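One-letter residues, chain by chain:
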Amino acid sequence: MSTATDRRPDDVVVPDDTVTPPGGRAGGDALAQMRSPHRARALKDVLARVVMWAAFALAMVPLVWILWTVIGKGAHMLTTATWWTGNQRNVNSDDFGGGARHAIEGTLEMVGLTALIAVPIGILTAVYLVEYGRGRLAKAISFTVDILSGVPSIVAALFIYAVWVTTFGIGRSGFAASLALVLLMIPVVVRSTEEMLKLVPNELREAAYALGVPKWVTVVKVVLRTAFSGIVTGVLLGIARVMGETAPLLILAPYTKNFQRDLFSGNFPTLPMMINQDRGDFALETAAERMWGAALTLIILVLLLNLIGRIIAHYGSVKK
C-alpha cells in the first residue's frame, strides 16, 4: 500500500545527472568554455607586458651606455673648483685645467632669453587654436606650426642669418642665436600646450560660463590652471630641445674662451660650442677631458632644470 510520501506530483522535476545543458555540452565542458576567453585575455596581457618591458629595456641600453661613458670620462673634471669658477682664457688645447663657468653662464643666459620669448608666444598660440581659433586663420597657424616642427636647426639658423645679418646688417651675436632657437622651441611648446588644453574637460568651462564668468577669465583661471602641470612639461621639453643645439651657435654665435655676458655684441660662450671647440683636438687627452666634462655639465643642467620644473608643476597645479 502506498503512502502520501511515496506519491510525487506530476509537475515535480526529478534532477537527472545525465541531462545535457544547453549547447550540447556537459557541465564541466561548458564551464571550461566560459573560462577560455578569460585565459586568452590573460595570455594577451602577459604577452603585452613582456613586450612593453622588453622595449623599455632596449630603449634604456643606449641611454645607460651614454650616461656611463660621459660620467666615467668627465666626472673628475667637475670635482675641481676651477671648473666652476674659471674659464678657458689662455688655456691651450694641450694644457690641463681650465674652467667652464663662462660657458655655463652663457648657456643659461641664452636659453633663458629664448624661453622668455618662445614660451609666451607658444602658450598664447595654443590657447588661440584651442579656445578661439576657427576658420582659415587657425588652419594657417596650425599649418605653420607643423612646418616649424620639421625644420632642421641649421635651416632656422640660416634663415635668421639671412634676415638678421645679411638684410639688416647686424653682426652675429648671442641674441641672433637665441632668435634661431626661438623658432625651434615655439612648435614644441605650442603642440604640447595644445594637447594639454584639449584634455581639460569641457564641463569645467561650461560650469564657469554658467556662473557668468567671462571666457578670458575662464581660460586664465580654470583652463590654464588645470593644464598647468602639462604646460610646464612642454616648456621643459622645449628647453631641453634647444639647450644642446649647436648649428645655430656655429653660424650665429662664434665661441669665445672669455667671460661674455652681453648677448648683443661679440662672440658668446656656450657649452655646446665649448664641446665643439675641444672636439677638434680630441686626440689630445687634455682636450678630450674638457669635452667630456662639458658634456656632463650640460646633462646636469638639463636634469636640474627638469627637476625644478617638476617641483613648480607639483606645487602650482590644481589640487584634487
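In the block above lies the structure referred to throughout.
Being a predicted model, the structure only gives us computed values, none of them experimental. Residue indices follow the written sequence of each chain, beginning from 1 at its first position. Totals for whole chains, interfaces and linings use all residues, but because this is a predicted model, local features are given only for residues with pLDDT of at least 70 and pairs of side-chain atoms are given and counted only at 80 or more. The basis for every side-chain value is the complete set of heavy atoms in the structure, and neither hydrogens nor water enter the calculation.

What follows covers the overall build of the chain. Each helix and strand in the chain was counted, giving 12 helices and 0 strands. When the elements of the chain are put in sequence order from the N terminus, they spell out α-α-α-α-α-α-α-α-α-α-α-α. The contacts of the chain with a sequence gap of at least 6 include a subset with a gap of at least 24, amounting to 72%. What sets the accessible areas is the Shrake-Rupley method with a 1.4 Å probe; for residues, cover comes only from the shown protein chains. For the chain, the exposed surface amounts to about 19500 Å²; the carbon and sulfur share of it is 66%. A run of H or I in DSSP becomes a helix once it reaches four residues, and a run of E becomes a strand once it reaches two; helices and strands are each numbered from the N terminus. Two residues form a contact once any of their heavy atoms are found within 4.5 Å.

Salt bridges, as used here, are contacts in which a Lys or Arg side-chain nitrogen is within 4 Å of a carboxyl oxygen on Asp or Glu. Counted according to the given criterion, the structure contains 9 salt bridges. Glu105 serves as the salt-bridge partner of Arg261, at 3.1 Å between the closest nitrogen and oxygen. You can see Arg261 sitting in the loop between α10 (247–252) and α11 (271–279) and its partner Glu105 sitting in helix α3 (residues 101–132), a full 156 residues away along the chain. Note that Glu194 is salt-bridged to Lys198, the shortest N-O span being 3.7 Å. With Glu194 and Lys198 both in helix α6 (residues 174–198) and 4 residues apart, this pair spans about one turn of that helix. Three labels apply to residues, based on accessible area from a 1.4 Å probe with only protein chains included: buried if under 20% of the type maximum, exposed if over 50%, partly exposed otherwise in between. Exposure remark for Glu194: the relative accessible area of 8% places this residue in the buried category. Judged by relative accessible area, which is 51%, Lys198 ranks as exposed. The structure contains a network of salt bridges with shared partners spanning Asp146, Arg191, Glu194 and Lys198.

This brings us to the packing of α3 against helix α9 (residues 228–243). Think of two packed helices as two axes; the pair is described by the angle between the axes and how far apart they sit. Here α3 crosses α9 at 135°, and the two axes come no closer than 10 Å. By the criterion of interaxial angle, the relationship of α3 to α9 is oblique. Crossing handedness for the pair α3 and α9: right-handed. Only Ile231, Val235, Ile239, Val242 and Met243 of α9 make contact with α3, whose side of the interface consists of Thr107, Val111, Thr114, Val119 and Ile123. Note on geometry: axes are lines fitted to C-alpha atoms, helical ones only across the stretch in contact, with angles between N-to-C directions running from 0 to 180 degrees. By the definition adopted for this analysis, an angle is roughly parallel if under 35 degrees, roughly antiparallel if over 145, roughly perpendicular if from 65 to 115, and oblique otherwise. A crossing counts as left-handed when the near helix is turned anticlockwise from the far one by less than a right angle, and as right-handed when that turn is clockwise.

Another aspect to go through is the environment of Gly171. Relative to the helices and strands, Gly171 resides in the loop between α5 (153–167) and α6. Look at Gly171 and you get partly exposed, because its relative accessible area is 44%. Remark: the alpha-carbon pair of Gly171 and Tyr161, spanning 10 residues in sequence, is separated by 9.3 Å.

Classification of ring pairs uses Phe, Tyr and Trp, with its six-membered ring standing for Trp, and accepts pairs whose centres are within 6.5 Å; under 30 degrees between planes counts as stacked, over 60 as edge-to-face, and the remaining range as tilted. If you walk through the whole model with that rule in mind, you get 3 aromatic pairs. Taken together, the aromatic side chains of Trp164, Phe175 and Phe264 make up a single cluster linked through ring pairs. A cation over an aromatic ring shows up here: Lys215 above the ring of Tyr132, its NZ or CZ 4.7 Å from the ring centre. Charge-over-ring contacts are defined here by two conditions on Lys NZ or Arg CZ: a distance within 6 Å of the ring centre and an angle within 35 degrees of the ring normal.

Here Ser173 is to be found in the loop between α5 and α6. With relative accessibility at 1%, the residue Ser173 sits in the buried group. As a C-alpha pair, Ser173 and Tyr255 span 82 residues in sequence and 9.9 Å in three-dimensional space. Not counting chain neighbours up to four residues away, the residues in contact with Ser173 comprise Trp164, Leu252, Ala253, Leu263, Phe264, Ser265 and Gly266.

This part takes up the side chain of Thr256. Within the element layout of this structure, Thr256 appears in the loop between α10 and α11. Contacts described as polar in this section are N or O atom pairs within 3.5 Å, which, within protein, must combine one atom able to donate a hydrogen with one able to accept it, while residues neighboring in sequence count only if both atoms come from side chains. In this structure the side chain of Thr256 is engaged in a polar contact, spanning 3.3 Å, whose partner is the backbone nitrogen of Asn258. Excluding residues that lie within four positions of it along the chain, Thr256 makes contacts with His102, Asn267, Phe268 and Pro269.

Another aspect to go through is the environment of Glu245. As for its placement among the helices and strands, Glu245 is situated in the loop between α9 and α10. Residue class for Glu245 comes out buried when judged on its relative accessible area of 15%. Taking C-alpha positions, Glu245 is 9.2 Å from Met273, a pair spaced 28 residues apart along the chain. With near-sequence residues (within four places) excluded, Glu245 lies in contact with Ser153, Leu181, Leu184 and Pro272. A polar contact of 3.1 Å, which involves the side chain of Glu245, links it to the side chain of Ser153. Polar side-chain contacts of Glu245 include one of 2.3 Å to the side chain of Arg241.

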